[in-house]
Amino acid sequence: MDAVLNESGPAPSRSGRPVVGISAHTGPVRVAVFDMRASWVAQVFVDRVAAAGCLPVLLPPLVGVEDAVGRLDGLLLLSGPDVDPALYSAT
């Protein structure tokens, strides 16, 4: 990973661009004749983060992924069926 956590917070990427994590969705997909699970984000979100001058990094919903958040300069949380509304006090 280009960003490294130091005592003053995330270090800039080697490119100098801020590193922004994007929450990815994981679910079944079909690629050619193969059925598999994949983690993905709609390309429009990746493109817009990149257009803002940032380096987008996809964050799949895995145990321990929260450890990477401290290494990021920003975080884009996308809504979806994998986010329990109870986590943000909604029903």
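If you're wondering where the values come from, they're calculated on a predicted model, not measured in any experiment.

### Notes on the overall build of the protein
Assigned secondary structure in the protein consists of 2 helices and 7 strands. Counting from the amino terminus, the protein carries its helices and strands in the arrangement β-β-β-β-β-α-β-α-β. Of all 91 residues assigned to the protein, the portion counted as buried reaches 21%. A separation of at least 24 residues holds for 60% of the contacts in the protein among residues at least 6 apart in sequence. Accessible area for the protein stands at about 6,400 Å²; split by element, carbon and sulfur atoms hold 61% of it.

### Focus: a nonpolar patch on the surface
Together, Val31, Val33, Phe34 and Met36 line one region of the surface with nonpolar side chains, adding up to about 400 Å² of accessible area. Mapped onto the fold, Val33 is located in the loop between β4 (25–31) and β5 (34–40). For Val33, a relative accessible area of 62% corresponds to the exposed category.

### Overview of the sheet that holds strand β3 (residues 19–23)
Pairing in this open sheet of 3 strands is parallel, and the strands run β6-β3-β7 from one edge to the other. In the strand order of this sheet, the two ends are held by β6 (55–59) and β7 (74–76), each with one partner. Recorded for the sheet is a direction-independent mean angle of 30° between the axes of neighbouring strands. Note: β3 against β7, 3 bridges, orientation parallel. By the bridge assignment, Gly21 is partnered in β7 with Leu75.

### Let's talk about the nonpolar core
Formed by Val20, Ile22, Ala24, Val41, Val46, Val49 and Cys54, the largest nonpolar core amounts to 7 residues. At the level of elements, β3 and α1 (43–51) are the ones that each hand at least two residues to this core.

Definitions and cut-offs
Note that residues are indexed from 1 along each chain, following the sequence as it is written. Given that this is a predicted model, residues contribute local features only at a pLDDT of at least 70 and side-chain atom pairs are listed and counted only at 80 or more, while totals for whole chains, interfaces and linings are drawn from all residues. In computing side-chain properties, one takes all heavy atoms of the structure into account and sets aside hydrogens as well as water. Note on conventions: DSSP H or I runs of at least 4 residues are helices, E runs of at least 2 residues are strands, and numbering of each starts at the N terminus. Only protein chains enter the accessibility calculation, which uses a 1.4 Å probe; a residue is then buried when its area is under 20% of its type maximum, exposed when over 50%, and partly exposed in between. Residue contacts are counted whenever heavy atoms from the two residues lie within 4.5 Å of one another. Working definition of accessibility: Shrake-Rupley area with a 1.4 Å probe, residue cover restricted to the visible protein chains. Surface patches are defined over residues having more than 30% relative accessible area and no salt bridge, joining like charges when they lie within 9 Å and nonpolar side chains (Val, Leu, Ile, Met, Phe, Trp, Tyr) when within 5 Å. Basic side-chain nitrogens of Lys or Arg form a salt bridge, by our definition, when they fall within 4 Å of a carboxyl oxygen of Asp or Glu. Strand pairing is assigned whenever DSSP detects at least two bridges linking the two strands. Orientation is described by lines fitted to C-alpha atoms, with helices fitted over the stretch in contact, and by angles between N-to-C directions that extend from 0 to 180 degrees. Buried Ala, Val, Leu, Ile, Met, Phe, Trp, Tyr and Cys residues form a nonpolar core when they are joined through side-chain atoms within 4.5 Å.

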